[in-house]
Amino acid sequence: MSKAKYRGRIAPTPTGFLHLGHATTFSIAFKRAKAANGTILFRNEDLDPHRCKPEFIQACIDDLRACGLSWDEGPDIGGAFAPYNQSQKLEWFLEIWQSLKETGLIYPCDKSRKDVQEALTAPHNDDSEAIFPNELRPNNINLNDFSEPGKTNWRFKVPDREIISFVDNHFGKQCYTAGIDFGDFLIWRKDGFPSYELAVVADDHAMQITEVVRGKDLLLSTARQILIYRALGWDIPEFYHCDLILDENGERLAKRNKALSLRELISSGEINKYFQLIPPK
Ligand code: GLU
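Note that this is a predicted model, so its numbers are computed, not measured.

Turning our attention to helix 2 (residues 54–66). Taking 1.5 Å of rise per residue, the 13 residues of helix 2 would be expected to cover 18 Å, and the 18 Å separating its terminal C-alpha atoms lies within 8% of that figure. The elements touched by buried residues of helix 2 are strand 1 (7–10), helix 1 (20–35), strand 2 (39–42) and helix 7 (262–268). G68 sits one or two positions beyond helix 2 and adopts a positive phi of about 90°.

Another aspect to go through is the packing of helix 3 (residues 90–103) against helix 6 (residues 219–232). Helix 6 packs onto helix 3 with a crossing angle of 75° between their chain directions and a minimal axis gap of 9 Å. The pairing of helix 3 with helix 6 is recorded here as roughly perpendicular in orientation. Taking contact as the criterion, the partners of I96, S99, L100 and T103 in helix 3 are, on helix 6, I228, A231 and L232. Looking at side-chain class alone, the contact of helix 3 with helix 6 contains 5 nonpolar, 2 polar and no charged residues.

This part covers the pairing of strand 6 (residues 172–177). Judged from the 6 bridges that link them, strand 5 (residues 163–168) and strand 6 form a sheet pairing that is antiparallel. Bridging from a neighbouring strand, V167 pairs with K173 of strand 6. The loop that links strand 5 with its antiparallel partner strand 6 comprises 3 residues.

This part covers helix 6. For helix 6, built from 14 residues, the straight-helix expectation of 20 Å at 1.5 Å per residue is met to within 8% by its first-to-last C-alpha distance of 20 Å. Here helix 6 lies mainly inside the structure; 11 of its 14 residues are buried. Within two residues after helix 6, G233 carries a phi angle of roughly 70°, on the positive side.

Considering all chains together, one arrives at 16 salt bridges under this definition. Across the salt bridge formed by D204 and R43, the nearest N and O atoms sit 2.9 Å from each other. Remark: R43 occurs in the loop between strand 2 and helix 2 and D204 occurs in helix 5 (residues 196–206); sequence separation between them is 161 residues. Note on accessibility: D204 and R43 belong to one class, buried. Between D203 and K89 there is a salt bridge, and its shortest N-O distance comes to 2.5 Å.

With respect to spatial proximity, the complete set of residues near the ligand consists of R9, A11, T13, E45, Y196, V200, R214 and L218. Measuring from an oxygen atom of the ligand, one finds a side-chain N or O atom of R214 at 2.8 Å. Starting from 300 Å² of accessible surface for the ligand in isolation, the protein chains cover 79%. In the shell around the ligand, the residues fall into 4 nonpolar, 1 polar and 3 charged.

Reading the values: the criteria
- Residues numbered from 1 in each chain as written.
- Predicted model: local features only at pLDDT ≥ 70, side-chain atom pairs only at ≥ 80, totals over all residues.
- Heavy atoms only, no water.
- Helix = DSSP H or I, 4+ residues; strand = E, 2+ residues; numbered from the N terminus.
- Expected span 1.5 Å × (residues − 1).
- Contact = heavy atoms within 4.5 Å.
- Axes fitted to C-alpha atoms, helices over the stretch in contact; angles between N-to-C directions.
- Parallel < 35°, antiparallel > 145°, perpendicular 65-115°, else oblique.
- Nonpolar A, V, L, I, M, F, W, Y, C, P; charged D, E, K, R; others polar.
- Pairing = 2+ DSSP bridges.
- Buried < 20%, exposed > 50% of the residue type's maximum accessible area, 1.4 Å probe, protein only.
- Salt bridge = Lys/Arg side-chain N within 4 Å of Asp/Glu carboxyl O.
- Near = heavy atom within 4 Å.
- Polar contact = N/O pair within 3.5 Å; in protein donor to acceptor, adjacent residues only side chain to side chain.
- Areas by Shrake-Rupley, 256 points an atom, 1.4 Å probe, with all protein chains shown as cover.

Put into structure tokens, the structure is as follows:
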């Protein structure tokens, strides 16, 4: 069987201005698609109406173009897999929630963050998400009683102690143990939106992405996402996770670190020091 033609994506969340770390990851995604003679699309992950702003998506588009990046499909140019704004696809995400519900692998969960903290026996460090304790899973839930998610969170029930492994095209073999490295994770949010894990898998599948390129902070999410692909019987794409850019204190760049926003680096001309993609004038 011939291999599917390479399709990659860049998928920013418009909650602020992009920084050098984003541009570096996106340029790797761009170069990998070009090297494979494939296609790259731009997907606007603007699901959270409280944090995402239209001016930031326009800034993402302008700043990445100023860095010499381009895409074959996207919210600004359309394409065969439109819409490329996640906020316009709630109906589709609901269908995926429905399909997941039919697998019996998700459940409604009314436990608060405080309930989770109280049920935990071991302390967890603040950087990592608390592992959802199994004893808080509900008993005797009839999923047929739910025709819609309603105003409650929904979680994916992870296969306890199973090792989820995959070969990352950059970092090699990765192994995570369900129930130890990560626990039952959010699928649907009580504010009426799909979780990041559901939305990204649904869209990467629907848009026929063959390789997901993103920062290595999402390696653990890949293990979660593999469980969603598996539950839905979908092909799993390849993954390439990138190193993260650190600031002079060794901290990860964050959108709030305005000093290194692409916007500022472009307007000061300093971008050329960091980033070689600016097309010659
Ligand atoms: N939208 C996500 C972010 O900006 C990235 C999602 C992904 O690449 O899977 O962090």
